Amino acid sequence: MRRLLRKRPALGMALLSGTATAVGIAISLAIDWFPDAASTASKDIDNLWDVLLIASVPVFVLVMSVALYSVFAWKVKPGDTSDGAPIHGHTKLEVVWVTIPFVMVTALALYGWVVLDDIEAKEKDPLIVNVTAQQFAWSFEYPALDKVKSNQLVLPKDRRVELRVKTKDVIHSFWVPEFRLKTDTVPGLTTKVRVTPNRLGRYDVVCAELCGIGHATMRQAVRVVPPGEFQGWVSERKQRAGDGGVAAAGGDTAVAGKTLFADTGCTACHTLADAGSEASAGPPLDDLTKDAAKFGKREGQSAEEYVKTAIEQPEAFVVPGFTKGTMPDNYKKNLSSAEISTLVKYLSDVSGKETK
Amino acid sequence: MTLATKLRGPGWYRAAISQPIAFLFAFGLVALVRSLYGWDPVVDWEAITTVALITMPLGFIVGIGCFDYWFRWAAGAPTVPEDHSGHGATKWQDYFKVNTDHKVIGIQYIVTTFIFFVIGGLTAMLIRAELAQPGTQFVDPNTYNGLFSVHASLMIFLFIIPVFAGIANFVIPLMIGAPDMAFPRLNALSFWMLPTAGVMMVASFFVEGGAFATGWTAYAPLSTEMPVGQQFFTLGVQFAGASSIATGLNFLVTIITMRAPGMTFWRMPLLVWANFTTSLLVVIATPFIAGSQFFVLLDRSLGTHFFDAGGGGDVLLYQHVFWFYSHPAVYIMMLPGFGIISEVISTHARKPVFGYRMMAFSLVAIVILGFTVWAHHMFVSGMSDWLRVPMMITTLLIAVPTGIKVFSWLATLWRGAIHLTTPMLFALGFITMFTLGGISGIMLGIIPVVIHVSDTYFIVAHIHYVLFGGSVFTIFAGIYHWFPKMTGRMYDESLGKVHFWLSFIFFNLTFGPMHFVGVDGMPRRVADYADEFATMNAFISVSSFFFGLSFLVFLYNMITSWRNGPKAAANPWRAHSIEWQVSSPPPIFNFDEIPTVVGGPYEYGVPGAVHAVFKEEGAPAKATPAPAGGGGAPPPGE
Amino acid sequence: MESASVALGRTHDEDQHDDHHGPPEANQSSRIDASLLGMFLFIISEIMLFGAFFTAYFFIRVVGDTEWPAPGEHLPVVVAGINTAILISSSFTMHWALEGARNENRAALRVGMLTTFLLGLTFLCIQINEYVFIGFAPADNAQGSIFYGLTGLHGAHVFVGLTLLAMATTRAFRGHFTAKEHRGVEVPGIYWHFVDVMWIVVYTVIYVI
Ligand code: HEA
Ligand code: HEA
Ligand code: CUA
Ligand SMILES: [Cu+2]
């Protein structure tokens, strides 16, 4: 066998790499690489990715099989002092392996360019959302819709959206993995993301650029909703800001508080059994009454005041064992005072309830 | 020697005493200036730290004796006639002195950088321990950010870049038939700047606010706002950079002016070519990182507005300047490795390097192209849109010259007489793993893809495939290959193979899965992550611990073989290049007589071909050109 | 021969004969002198360092489209112009000194070195004086930052150049340098010319345009 391979190397090679390429491509395409695809860009990018895999696998397999093949066919025994064939080069071969990669990468670059133009295409009358990043939170504002403000990004399905991204302090990066789109937020600049969400659901805005201690937890919700619901949400937002969401919840503050707690993104960091959240970036709030009594006394505040300050000015008092500056300090700005009272009331009511 | 003379003369005593003096000087200077200007408080610790971070390393370098000769020269005093007392090592203590012998400096470099590799690796182990589960287990987010920042900075500035300089320091003068480097004292100075830079970076863990925590990229304006630990990076990099420039310059001058007779550029071994091109990159690009860190320093210390958008500054300026260095830097971290692989493959496959000239030209092409692609690190940075597509095209074009190299190595293997020694195994591991990392690089070069995967674990996977599977594998190959030459002893071949297989397997198990979690949405530089990535990360962490342990095999092999390994032959690999024609380890002045080069360096299989002779044809050779494979221990088993 | 490297444990026993005390004469494979080449390469890297600062200048002034100098500020173009002339003339005296060394004209060497040094020092003093009276600080605005950045970087180079010149001058007065061996003048001289040329660029970019 080895003798044969030594005699007909080209044949052996072709067999080896041909099979491996086919297997490799099959495997790499079978892998589920991406998170859900939730925007029109996702599909373009996922296709591009598949093409890249199809182009890459043969290159890698070729390198791999020539290396393995050579070792297999031309490994010598210890003590063998013979030399290899004194081949110094082969011009035709060298031309080939300059040309083929050149053609390949040029083609890939062109394809990439086309896709880029596609996903960034401008469309008439997009929904504009101003996105503001700060250490360590996002806030969203809809300038054309009565400047509705929110801590959660809510987008109508199938509508072109233009996100205008700004930052108040350092560089962050706005990324929604399901949209496959990302842009840094740069002090002094407004960067843009154009996206058409096309799948209903709840996703995360992830901060993808190191921005300080809270970087890992700088995440907030994105909801893609049917256009009708979006309109409803906008008017509800306006109304909620006035009464803290109580009316929308049929007058039930507990329900209003739970909704608000989840929608505002508190669930990303806090464990609270009533809201069904489990997260460890911030202290668990199930025992909040105890904490509020203890720390509140120390700070000379009532329990309610303590909770209110904890939300409005998280820096004012930092729970031992946690890092100052992790909890966003923009809630006072982005929530109305009615909403904050709802939260305070809700937290004071539910905590202690579910423990034990 | 009395204590007084010890304190006056160069060495550790004087270096030690210089430290408190330098600190007091910094303290006094800051207090003086601040009180003159009437600033409050007079004792500003951040300012004092900053000044001390400049004076203390300088004090150390002066104290240890790097400048003694130059001081005398500068004062116009008669310089001490060169008695070569600072050249060569006869006992181990000599390695702890300022030494002008390139072979000693080479070993100083290699040992020092491996110490920093271990520290950098241990920080990686802490990173992986923290990431084994979601949530916070061992370190708080601030410490975590410090860990990976120090990890990467040590690995890049204190390991990969200088270890290549170390290997080249030992090998290059021998290879080109020179008795030493062109500027031996500058060479010593370059070395002694390194440990100071490294100690600074590690020391940052112990200051208030923790280590610098902005990644090795230290993007402004985060880096201009972070606590004082950041200064340790800002200034540490300056020392590492100055060291790197000085070495690069030294290599260039050595290679241009000190080649042996007959050693034309087209007869130079490819390692020499690789270091020549790398040094060009170093000399041209490194000042840019110096610049970027100067700006950060000025913004922090003097309140300037380079990166302050509100004050008219420009945030993206930092990234442009930084990457204009740091992209070429990735080739600074790769080209010397390419050179090592060319040597190892042709020697251990006993074949001439395929397409020698194209191999040299492709190095030059990579250098040139390398300067035109920096903004591929900024595709999502918000920079001018029009710059992106040109940068994508140049980025992808780098596949062409790199491909020439990969294919030529493969063609060199083809129909060779392959000895599967440890260096050869690492070379094969390198070719395959680097190709994988290069291909992920190509994917990153394509803008729509990188918009999604930028700043995710896919990048972390790319980094480690090119830097570990690429650079570090070539370093291992080179260390094993020249170990007999450097130490005069043979390493243990079976342990070497165990090391290779363990690291090859666990390397892939550690960094392979990172591709998947990255594309699936896990950002990099996070101490905590979504629960859906828990299983994969646990797997990665466990593999990484085994991967770390595999390094112990290497360490054990190196230490025991250096102490009691079998004596090595002058030329255990029966190689043609000049360094193998002298004894192992080489004589103190390399040669008794400069060799004459008569042919190419890789003429394996060509009957009667010689690369260099030590005497004109006919005359008896005076020095000790060792017969191929002769003397000492037999070549190691395979 | 002595072993250059030692094993960690035992020393080598093959170090027997010791028949020479220095390295063999290195081969000169290029006509250019090593220290000159070294200085040229160093200058390349210095140019790149200036390049980084010019990049900052470019981003702040051109990309950022800011007013130059900042509104209400004024750059002393004429004084700086005179200063430029002073620095340029020092290049000529430097050349004169080098010619002196080449021709074994000790007086020319000494006077030339001394005048060069003093001219350089004058330049530096005028520059510092300019800082004192210019009326804005590096922390005032980005234009101020880059103004002080570039001129300060150059000033630091003048300082380094002056240090080198001081050494060469000292040695000139101590009777060093001959027609054959005058690299100690030539190499600092090249650096000094570089500092001068760089100033012309800095001056043009900062003050003139
Ligand atoms: C040794 C170091 C090294 C090397 C050699 C490379 C090589 C390459 N790198 Fe990599 N890179 C890094 C180290 C390195 N990189 C690091 C450290 C980072 C992260 C920095 C940070 O943010 O912290 C990074 C990040 C990085 C990015 C930015 C990603 C981001 O942050 O958004 C990009 C984007 O284009 C990129 C591309 C490339 C390309 C195209 C190559 C090419 O040179 C690869 C060329 C090689 C091949 C292609 C394989 C061999 C060729 C063939 C077999 C021929 C045939 C091939 C084809 C036809 C495809 N790299
Ligand atoms: C040459 C460069 C180099 C090298 C060799 C390594 C080696 C390793 N790296 Fe590193 N890494 C980088 C360069 C490098 N890295 C860069 C540039 C970044 C980006 C940083 C940034 O974002 O700014 C990065 C980031 C990075 C991250 C991402 C952090 C984050 O984004 O949050 C991770 C996570 O797993 C990681 C892991 C590892 C591991 C497990 C190793 C292992 O290979 C280490 C193995 C070595 C040892 C373990 C030491 C020696 C062993 C012993 C002494 C034996 C004892 C061992 C045990 C007790 C187990 N690295
Ligand atoms: Cu904001 Cu990371
Ligand atoms: Cu790059």
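Conventions and cut-offs
Residues numbered from 1 in each chain as written. Chains lettered and ligands numbered in written order. Predicted model: local features only at pLDDT ≥ 70, side-chain atom pairs only at ≥ 80, totals over all residues. Heavy atoms only, no water. Donors = N, O, S within 2.8 Å, 3.2 Å for Na, K, Ca; no water. Tetrahedral: all angles 85-135°; square planar, octahedral: opposite > 155°, others 65-115°. Helix = DSSP H or I, 4+ residues; strand = E, 2+ residues; numbered from the N terminus. Buried < 20%, exposed > 50% of the residue type's maximum accessible area, 1.4 Å probe, protein only. Pairing = 2+ DSSP bridges. Axes fitted to C-alpha atoms, helices over the stretch in contact; angles between N-to-C directions. Contact = heavy atoms within 4.5 Å. Buried area = accessible area lost by both parts, 1.4 Å probe. Polar contact = N/O pair within 3.5 Å; in protein donor to acceptor, adjacent residues only side chain to side chain. Nonpolar A, V, L, I, M, F, W, Y, C, P; charged D, E, K, R; others polar. 1 Å grid on protein atoms, 1.4 Å probe; cavity = no way out; pocket = protein on both sides within 12 Å on 5 of 7 lines; lining within 4 Å. Points joined across faces, edges and corners; volume = space filled by probe spheres on them. Domains from an automatic or database assignment. Near = heavy atom within 4 Å. Expected span 1.5 Å × (residues − 1).

Focus: the coordination of the iron atom of ligand 2
Residues and elements named next belong to chain B.
In step 1: Looking at the iron atom of ligand 2, one finds its protein donor set to be His 151 (NE2) and His 464 (NE2), positioned 2.0 Å from the metal centre.
In step 2: Its six donor atoms give the iron atom of ligand 2 angles of 86 to 177° at the centre, a pattern that matches the octahedral case. Remark: His 464 occurs in helix α18 (residues 457-487) and His 151 occurs in helix α6 (residues 141-175); sequence separation between them is 313 residues.
In step 3: When its relative accessible area of 13% is taken as the criterion, His 151 is described as buried.

Some points on the coordination of the copper ion (ligand 4)
Residues and elements named next belong to chain B.
In step 1: Coordination of the copper ion (ligand 4) by the protein comes from His 327 (ND1), His 376 (NE2) and His 377 (NE2), over a distance range of 1.9 to 2.1 Å.
In step 2: Within one chain, the residues serving as donors to the copper ion (ligand 4) are arranged as H-x48-H-H.
In step 3: For the pair the copper ion (ligand 4) and the iron atom of ligand 1, the metal-to-metal distance amounts to 4.5 Å. Here His 376 lies in the loop between α13 (356-370) and α14 (388-397) and His 327 lies in helix α11 (residues 315-332), a separation of 49 residues in the sequence.
In step 4: When its relative accessible area of 3% is taken as the criterion, His 327 is described as buried.
In step 5: Since its relative accessible area comes to 17%, His 376 is described here as buried.

Observations regarding the sheet that holds strand β10 (residues 219-225) of chain A
Residue and element names in this part refer to chain A.
In step 1: One open sheet accounts for five strands, arranged β4-β10-β9-β6-β7; its pairing is mixed. Two strands in the sheet have a free side with no partner beyond their single neighbour: β4 (153-156) and β7 (181-185). Neighbour-to-neighbour, the strand axes of the sheet open up by a mean angle of 25°, direction not taken into account.
In step 2: Note: strand β6 (residues 172-176) against strand β9 (residues 201-207), two bridges, orientation antiparallel. When the bridges of β9 are listed, Trp 175 appears paired with Val 206.

Here's the deal with the interface of chain C and chain B
In step 1: Listed as interface residues are 57 residues of chain C and, on the opposing side, 67 residues of chain B.
In step 2: Carbon and sulfur atoms supply 68% of the area buried between chain C and chain B, which totals about 5200 Å² over both sides.
In step 3: Along the contact surface separating chain C from chain B lie eight residue pairs in polar contact (both at pLDDT 80 or more).
In step 4: Among the secondary structure elements, those contributing two or more residues to the side of chain C that touches chain B are α1 (34-63) and α4 (142-173) of chain C.
In step 5: Looking at the side of chain C that touches chain B, the element that brings in the most residues is α1(C), giving 18 residues.
In step 6: Its residues assigned to classes, the side of chain C that touches chain B shows 27 nonpolar, 22 polar and eight charged.

A look at empty space enclosed by the protein
Residues and elements named next belong to chain A.
In step 1: By the definition in use, this model includes seven cavities of 30 Å³ or more.
In step 2: The calculated volume of the largest cavity comes to roughly 630 Å³.
In step 3: Around the largest cavity, the lining comprises 39 residues; the ones closest to its centre are His 270, Pro 283, Ala 310, Pro 314 and Met 327.
In step 4: Counting only elements with at least two residues in the lining of the largest cavity, the list comes to β10, α7 (288-299), α8 (303-312) and α10 (337-350).
In step 5: The element contributing the most residues to the lining of the largest cavity is α8, with four residues.
In step 6: Among the residues forming the lining of the largest cavity, the class breakdown is 26 nonpolar, nine polar and four charged.
In step 7: Here the lining of the largest cavity spans two domains, and each of domain 2 (127-229) and domain 3 (244-350) adds at least three residues to it.

A few points about the site of ligand 2
Residues and elements named next belong to chain B.
In step 1: In the vicinity of ligand 2 there are 35 residues, among which Arg 128, Tyr 144, His 151, His 464 and Arg 525 approach most closely.
In step 2: Here a nitrogen atom of ligand 2 and a side-chain polar atom of His 464 are 2.7 Å apart.
In step 3: Among the residues forming the shell around ligand 2, the class breakdown is 26 nonpolar, six polar and three charged.

Some remarks on helix α2 (residues 77-102) of chain C
In step 1: Taking 1.5 Å per residue, 26 residues should reach 38 Å; α2(C) reaches 38 Å between its end C-alpha atoms and fits that length.
In step 2: Directly beyond the C-terminal end of α2(C), a positive phi value near 55° is found at C:Glu104.

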